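Residues per chain, in single letters:
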There are 2 protein chains.
Amino acid sequence: MRPIVHPALETLSPEAILHALSDPERAAIFAEIAASECVERCSALSQAATREIPKSSLSQHFKVLREAGLIRSERVGVEMRNYSRGMEVNGRFPGLIPAILSAYGF
Amino acid sequence: MRPIVHPALETLSPEAILHALSDPERAAIFAEIAASECVERCSALSQAATREIPKSSLSQHFKVLREAGLIRSERVGVEMRNYSRGMEVNGRFPGLIPAILSAYGF
DNA sequence: TTCAATAGTTCCATATTCCTGAACTATGGG
DNA sequence: CCCATAGTTCAGGAATATGGAACTATTGAA
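It should be emphasised that the depicted structure is a prediction, and the values quoted were computed from it without experimental measurement.

Here chain A sits on chain B after a turn of 180° about the axis and a move of 0.0 Å along it, with an RMSD of 0.0 Å. Such a combination of turn and shift is consistent with a two-fold rotation axis. Relative to the rotation axis, the closest C-alpha in chain A is found at Leu18 of chain A, a distance of 2.7 Å. A high fraction, 100%, of the interface residues of chain A reappear at the interface in chain B, so the copies pair face to face through one surface.

In structure tokens:
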């Protein structure tokens, strides 16, 4: 199992962020994390997203969000905790995240 | 040749817009159109984008931008004129377009 | 320590989307 | 009518995404 990597703020790209959030499923997941701070367990999230998402797909979604720099994931025991990097990202790309979440109606 | 269709403002979706602009090439094209209003000819644009983009790809890019509701295209004689719908879109999704263009540095 | 349960990741085959050269269409001029 | 210009469409190969099955990591209990 390869270690979890979080890109540095300076290396984030608009295209990766837009790509990550251009999927409504991922946007919903991110909105959930950003709203609640520290969302535990994929299963909890999949319910939050109201759809039945296979866990492998969910895992991929988290990976895409993480690699875009939108979330930070850390393992706590057997589970994974995900935190929003929205504040940081907002420093680099002001207004981007809020505008996107608002466009989606989150 | 099927007629050019422009989606109504109410039918635009954030995901289509984010997807369209998650490609740096397309974002650059859109920024160019938004900045100059009425950019003529694909070839002119491809130069503007500084890269050599095949015209079939360029045509696809315009299609994606058009179907996302970001531009309006009209034929004038043998060529095509493209206008930004940024103002309209901004009414529907406030701040979205400016934040994206600014994130890209346009 | 070993075993089982839980949470998530990785692999891989399938499906979908993207890219682009080549052929085609549309328009205007000579 | 034919040619040139501007752009679109088609086709198939490349790249990505999806999701089931197998695997890994961690905890807790026997």
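Before going further, it helps to examine the packing of helix α2 (residues 24–36) of chain A against helix α6 (residues 96–104) of chain A. All names here are of chain A. Where α2 meets α6, the closest approach of the two axes is 11 Å, and the angle between their N-to-C directions is 115°. Regarding the angle of α2 to α6, the classification is roughly perpendicular. Remark: the crossing between α2 and α6 carries left-handed chirality. Of the residues in α6, those in contact with Pro24, Ala27, Phe30 and Ala31 of α2 are Ile97, Leu101 and Tyr104. A breakdown of the residues in the contact of α2 with α6 according to their chemical character gives 7 nonpolar, no polar and no charged.

It is worth spelling out the layout of surface pockets at this point. Residues and elements named next belong to chain B. Taken as a whole, the second largest pocket holds about 690 Å³ of empty space. Taken together, 20 residues form the lining of the second largest pocket, with Met1, Ile4, Ser59, Arg66 and Met80 sitting closest to its centre. Mapped onto the lining of the second largest pocket, the elements with two or more residues apiece are α4 (55–67) and β3 (79–84). A class-by-class count of the residues in the lining of the second largest pocket yields 8 nonpolar, 4 polar and 8 charged.

Listed per partner, the contact involves 15 residues of chain A and 15 residues of chain B. Between chain A and chain B lies a buried interface of about 1,200 Å² when both sides are counted; carbon and sulfur atoms form 78% of it. Per-residue buried area on chain A facing chain B is highest for Glu15, Leu18 and Ala103 of chain A; these three make up 37% of the total on that side. Taken together, chain A and chain B are joined by 0 salt bridges. Viewed at the interface, chain B and chain A are joined by 0 residue pairs in polar contact (both at pLDDT 80 or more). Looking at the side of chain A that touches chain B, the elements that each hand over two or more residues are α1 (14–21) and α6 of chain A. Class assignment for the residues of the side of chain A that touches chain B results in 11 nonpolar, 3 polar and 1 charged.

Looking now at the packing of aromatic side chains. Residue and element names in this part refer to chain A. As enumerated under the stated definition, the model contains 2 aromatic pairs over all chains in all. Where Tyr104 meets Phe106, the ring centres are 5.9 Å apart and the plane angle is 25°; that geometry is what we call stacked. On the basis of relative accessibility, which here comes to 16%, the residue Tyr104 falls in the buried class.

Rules used throughout
- Residues numbered from 1 in each chain as written.
- Chains lettered and ligands numbered in written order.
- Predicted model: local features only at pLDDT ≥ 70, side-chain atom pairs only at ≥ 80, totals over all residues.
- Heavy atoms only, no water.
- Least-squares fit on C-alpha atoms with pLDDT ≥ 70 in both.
- Contact = heavy atoms within 4.5 Å.
- Axes fitted to C-alpha atoms, helices over the stretch in contact; angles between N-to-C directions.
- Helix = DSSP H or I, 4+ residues; strand = E, 2+ residues; numbered from the N terminus.
- Parallel < 35°, antiparallel > 145°, perpendicular 65-115°, else oblique.
- Left-handed = near helix turned anticlockwise from the far one by under 90°.
- Nonpolar A, V, L, I, M, F, W, Y, C, P; charged D, E, K, R; others polar.
- 1 Å grid on protein atoms, 1.4 Å probe; cavity = no way out; pocket = protein on both sides within 12 Å on 5 of 7 lines; lining within 4 Å.
- Points joined across faces, edges and corners; volume = space filled by probe spheres on them.
- Buried area = accessible area lost by both parts, 1.4 Å probe.
- Salt bridge = Lys/Arg side-chain N within 4 Å of Asp/Glu carboxyl O.
- Polar contact = N/O pair within 3.5 Å; in protein donor to acceptor, adjacent residues only side chain to side chain.
- Phe/Tyr/Trp six-rings, centres within 6.5 Å; stacked < 30°, edge-to-face > 60°.
- Buried < 20%, exposed > 50% of the residue type's maximum accessible area, 1.4 Å probe, protein only.

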